[in-house]
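Each chain, letter by letter, is given below.
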Amino acid sequence: MDKAYILENNILEQYLLGELNFSEQEELEQTLANDATLKQEFTTLENSLERMAMEHAITPPETVKASLMQAVRSSNGRVIQMNQNPNIKMYLAVVASVAAVLLIGFVYLFTQFNYTQEQLQVVEQENSQLKESVNGLNQNLEDAEQLLALLNSPDTQQYILEGNALAPNAKIVSYVNHDEKAVVINTKNLPKLDDTKDYQMWADVEGEMINMGVIDKNKELLAMNYIDNAESLNVTIEPAGGSDHPTVANLVSNIFL
């Protein structure tokens, strides 16, 4: 499992989402320990997935915490400290930890039905809110799994957009799936712009540049608008917020499909 194989087959993404078996995990971890560049790329992708999870996280109602704390104080049960596993991947840790807290709270409150009528009322009041929160977390996990499936699909084509003289260090990895009509890009190697400018992506269709969207400065992994019959992908520097038409003089990268 060398660096080229890892990058071409999205092994880092599969590792973060727990898709590798134990032997594959060990092999990848050994490679990461010996390759500083690949380790940095892994860390960057790990942080991107963590931010995606946090951006879509659903904060449980304040009343849930108050009810749980009151129930714990009035019980004789023991609190068991769970050891954190340092090998759990960041994104799944965020989703799984929050879901576990909500589910444990739901089970605990529901158990109190057997003890007092007061606890039964608490469960009834909070039940719908807890279910809504858990459903939201499940949806976030499904979205991440769908993204991984798209990246790993044999129908998804990968394109590397290298920067030109205006941005010689720029690089964008684009994943294009025509069957799913989806485009996902990784922009971690795009040089930062000041607040007055934005990168914008365009599709060339029979000589006409069609807007695929402004590239979010705060995200490294994001979906762009899919354009049918695109002949090339192009990236320009535009005024903040984007333009109706591309500034050709500010073209920093393009690739033919």
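Residues numbered from 1 in each chain as written. Predicted model: local features only at pLDDT ≥ 70, side-chain atom pairs only at ≥ 80, totals over all residues. Heavy atoms only, no water.

K.L.:
An account of the overall build of the protein chain is requested, with residue identities and associated values reported.
P.N.:
Across its full length, the protein chain holds seven helices and eight strands. Out of the 257 residues belonging to the protein chain, those deemed buried represent 39%. Taking as baseline every contact in the protein chain between residues at least 6 positions apart, the subset at least 24 positions apart corresponds to 61%. Taken as a whole, the protein chain presents about 15,400 Å² of accessible surface, with 51% of it coming from carbon and sulfur. (Helix = DSSP H or I, 4+ residues; strand = E, 2+ residues; numbered from the N terminus. Buried < 20%, exposed > 50% of the residue type's maximum accessible area, 1.4 Å probe, protein only. Contact = heavy atoms within 4.5 Å. Areas by Shrake-Rupley, 256 points an atom, 1.4 Å probe, with all protein chains shown as cover.)

K.L.:
Just give me the short version of the sheet that holds strand β5 (residues 208–214), but keep the residues and values in it.
P.N.:
The strands making up a sheet associate through backbone hydrogen bonding, with each pair oriented either parallel or antiparallel. Spatially, the four strands line up as an open sheet ordered β5-β4-β7-β8, and their pairing is antiparallel. Of all strands in the sheet, those with a lone pairing partner are β5 and β8 (251–256), marking the two edges. Geometrically, the sheet is characterised by an average inter-axis angle of 30° between neighbouring strands, direction not taken into account. In the sheet, strand β4 (residues 197–205) pairs with strand β7 (residues 232–239) via eight bridges, with the strands oriented antiparallel. Each residue of the ladder has a partner; that of tryptophan 202, found in β7, is asparagine 234. (Pairing = 2+ DSSP bridges. Axes fitted to C-alpha atoms, helices over the stretch in contact; angles between N-to-C directions.)

K.L.:
Go over the pairing of β7 with me, naming the residues and quoting the values.
P.N.:
Within β7, seven of the eight residues are buried, which leaves the element mostly enclosed by the surrounding structure. Bridging between β7 and β8 involves five bridges; their strand directions are antiparallel. Bridged to threonine 236 within β8 is leucine 251.

K.L.:
Before we move on, can you summarise the sheet that holds strand β1 (residues 156–162) with the specific residues and values?
P.N.:
Read from one edge of the open sheet, four strands run β1-β2-β3-β6, paired in antiparallel fashion. Edge positions in the open sheet fall to β1 and β6 (221–224), since each of these has one partner strand only. On average, each strand axis in the sheet is tilted by 25° relative to the strand beside it, whichever way the strands run.

K.L.:
Let's hear about unusual backbone geometry: which residues, and what values?
P.N.:
Of note, asparagine 10 is a non-glycine position whose phi angle comes to about 55°, a positive value. Positionally, asparagine 10 belongs in the loop between α1 (3–8) and α2 (11–16). The backbone of glutamate 206 shows a phi angle near 50°, a positive value even though the residue is not glycine. As for its position among the elements, glutamate 206 is in the loop between β4 and β5.

K.L.:
Could you give me a rundown of the side chain of threonine 31, with the residues and numbers involved?
P.N.:
Topologically, threonine 31 is positioned in helix α3 (residues 22–34). A relative accessible area of 17% places threonine 31 in the buried class. Excluding its chain neighbours within four sequence positions, the residues that come into contact with threonine 31 are Met1, Ile6 and Leu38.

Take it as geometry only, folks, not as evidence of what the structure does.
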